Amino acid sequence: MENQKRAYIYALTAVLFWSTVASAFKITLRYLDLFQLLFYSSIISIAVFFVVLLIQKKLFLLKTYSKTDYLHSAFLGFLHPFLYYVVLLKAYSMLPAQEAQALNYTWGIAIALLSIPLLKQRIKSTSILALIVSFIGVVVIGTRGDLTSLKFSDPLAVSLAVGSSGIWALFWIYNTKDERDEVTKLFLNFTFGFLFILITTLIFSTVIVSPIGLFGATYVGIFEMGITFVIWLKALKFSETTARVSNLIYLSPFLSLVFIYLLVGEQILISTVIGLVLIVIGIFVQQYSSLE
């Protein structure tokens, strides 16, 4: 029971940190472009994972991996952090934070869809219902409640926000097939991903930033890309079952709306709340269906 309490503390801490990230993205993008933000935050996250590996005495694992393992890490690093965050941050630069974070939350449905061709899973009737409910949620957010016209506020930005969830789903599926140590994998993924980030930053941007922007990138590197993953892994380790803590993650998008209102200053639209509720209901239905 003591371990389960620790699991809840770790899980709620991780959820709290992740709930602040949408606000951190939007505020930092006032001072940096998306490539600068990704460049500096990735450096910080790599440093965080290196320190964690050093403390956990797992650096030796890097010598045990094969060339195939490193190639796999390079592929995963291209998906996440590189491609995922480029697409997601572009969406954040074009949409209100409340809409970008809510639309990005469709990753649960994207995983279900991509599991059909990639994991050879069959789709059930309840899963189809879940997809429909979540899709309606996306439409509600994307049209800002104007369902009669079905005119999206910004079709490209909405597509990017939803598309980022598909990239995350791809990363998640391929990552689950990799049985190496989780923190070591994250360190390698971000190290290889940084190479892609460095190249694109040198081509499309500059590494000169403001002190406020650097502070924001550091926050993102620590609490979005870095230590929060380790805290979440701790929660899963101490929990009696994964389900006991995994459902707490659904608090994050709603807490995020509170931070967006308080820190970013956005007026939260009722369409965002309704759409997000529909998306989360769809994810719950999908998860319930997968347990049947």
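Since the structure is predicted, the reported quantities are computational estimates derived from the model, not experimental observations. (Residues numbered from 1 in each chain as written. Predicted model: local features only at pLDDT ≥ 70, side-chain atom pairs only at ≥ 80, totals over all residues. Heavy atoms only, no water.)

(A) Quick peek at the overall build of the protein chain. A tally of helices and strands in the protein chain yields 14 helices and zero strands. Secondary structure elements of the protein chain occur, N-terminal to C-terminal, as α-α-α-α-α-α-α-α-α-α-α-α-α-α. On C-alpha atoms alone, the protein chain measures out to a radius of gyration of 19 Å, which is about the 19 Å that the 2.2 N^0.38 rule sets for 292 residues. Expressed as a percentage of its 292 residues, the buried residues of the protein chain come to 50%. A separation of at least 24 residues holds for 86% of the contacts in the protein chain among residues at least 6 apart in sequence. (Helix = DSSP H or I, 4+ residues; strand = E, 2+ residues; numbered from the N terminus. Rg over C-alpha atoms; globule rule 2.2 N^0.38 Å. Buried < 20%, exposed > 50% of the residue type's maximum accessible area, 1.4 Å probe, protein only. Contact = heavy atoms within 4.5 Å.)

(B) Up close: the environment of methionine 225. Along the chain, methionine 225 falls in the loop between helix H10 (211–223) and helix H11 (227–238). The class of methionine 225 is buried, set by a relative accessible area of 0%. Sequence separation between methionine 225 and tyrosine 10 is 215 residues, and the spatial gap between their C-alpha atoms is 16 Å. In this structure methionine 225 touches Leu38, Ser41, Ser42, Ser45, Phe49, Tyr85, Phe190 and Val220, once residues within four positions along its chain are discounted.

(C) Local environment of the side chain of aspartate 178. Among the structural elements, aspartate 178 can be located in the loop between helix H8 (155–176) and helix H9 (182–204). Within the structure, the side chain of aspartate 178 is placed 2.6 Å from the side chain of arginine 180, a separation counted as a polar contact. If near-sequence neighbours (up to four positions away) are discounted, aspartate 178 is found in contact with His72, Leu76 and Lys185. (Polar contact = N/O pair within 3.5 Å; in protein donor to acceptor, adjacent residues only side chain to side chain.)

(D) Looking closely at the packing of aromatic side chains. The final tally for this structure, using the stated rule, is 23 aromatic pairs. Here the aromatic rings of phenylalanine 39 and tyrosine 40 are separated by 4.9 Å at their centres, their planes lie at 90°, and the arrangement is edge-to-face. Their ring planes at 65° and their centres at 5.6 Å tell us that tyrosine 105 and tryptophan 107 sit as a pair that is edge-to-face. Through a chain of ring-to-ring contacts, three or more aromatic side chains come together here, namely Phe25, Tyr84, Tyr85, Tyr92, Trp168 and Phe171. The ring of tyrosine 65 carries arginine 180 above its face, with NZ or CZ at 4.9 Å from the centroid. (Phe/Tyr/Trp six-rings, centres within 6.5 Å; stacked < 30°, edge-to-face > 60°. Lys NZ or Arg CZ within 6 Å of the ring centre and 35° of its normal.)

(E) Main features of the packing of helix H1 (residues 2–19) against H11. Look at H1 against H11: their axes get within 8 Å of each other, and the N-to-C directions meet at 155°. Between H1 and H11, the angle falls in the class roughly antiparallel. For the pair H1 and H11, the crossing hand works out as left-handed. Residues Asn3, Gln4, Arg6, Ala7, Tyr10, Ala11, Thr13, Ala14, Val15, Phe17 and Trp18 of H1 form the contact with H11, whose participating residues are Thr228, Phe229, Ile231, Trp232, Lys234, Ala235 and Phe238. Its residues placed into classes, the contact of H1 with H11 shows 12 nonpolar, four polar and two charged. (Axes fitted to C-alpha atoms, helices over the stretch in contact; angles between N-to-C directions. Parallel < 35°, antiparallel > 145°, perpendicular 65-115°, else oblique. Left-handed = near helix turned anticlockwise from the far one by under 90°. Nonpolar A, V, L, I, M, F, W, Y, C, P; charged D, E, K, R; others polar.)

(F) Structural view of the environment of valine 48. Summarising the element assignment, valine 48 is placed in helix H3 (residues 34–55). Residue classification places valine 48 among the buried residues on the basis of a relative accessible area of 15%. For the pair valine 48 and glutamate 2, spaced 46 residues apart in sequence, the C-alpha separation works out to 28 Å.

(G) Seen up close, the layout of surface pockets. Roughly 250 Å³ of volume is contained in the second largest pocket. Lining the second largest pocket are 15 residues, and of these Thr106, Ile109, Phe135, Val138 and Val162 lie nearest its centre. Among the secondary structure elements, those contributing two or more residues to the lining of the second largest pocket are helix H6 (107–118), helix H7 (125–142) and H8. Considered class by class, the residues forming the lining of the second largest pocket number 10 nonpolar, five polar and no charged. (1 Å grid on protein atoms, 1.4 Å probe; cavity = no way out; pocket = protein on both sides within 12 Å on 5 of 7 lines; lining within 4 Å. Points joined across faces, edges and corners; volume = space filled by probe spheres on them.)

(H) View of the packing of H3 against helix H4 (residues 67–94). Where H3 meets H4, the closest approach of the two axes is 10 Å, and the angle between their N-to-C directions is 140°. With respect to H4, the axis of H3 lies oblique. The chirality of how H3 crosses H4 is right-handed. In this structure, H3 contributes Leu34, Phe35, Leu37 and Leu38 to the contact, and H4 contributes Pro81, Phe82, Tyr85, Val86, Leu89 and Lys90.

(I) Layout of unusual backbone geometry. Cis geometry is found at the peptide bond from histidine 80 to proline 81, where omega equals 25°. Looking at where proline 81 falls in the secondary structure, it is placed in helix H4. Despite not being glycine, lysine 57 shows a phi value in the positive range, around 55°. Locating lysine 57 in the fold gives a position in the loop between H3 and H4.

(J) Broad picture of H8. Along its 22 residues, H8 runs 32 Å from first to last C-alpha, staying within 8% of the 32 Å computed at 1.5 Å per residue. Taken residue by residue, H8 has Ala157, Val158, Leu160, Ala161, Ser164, Ser165, Ile167, Trp168, Ala169, Phe171, Ile173 and Asn175 as its buried positions. (Expected span 1.5 Å × (residues − 1).)

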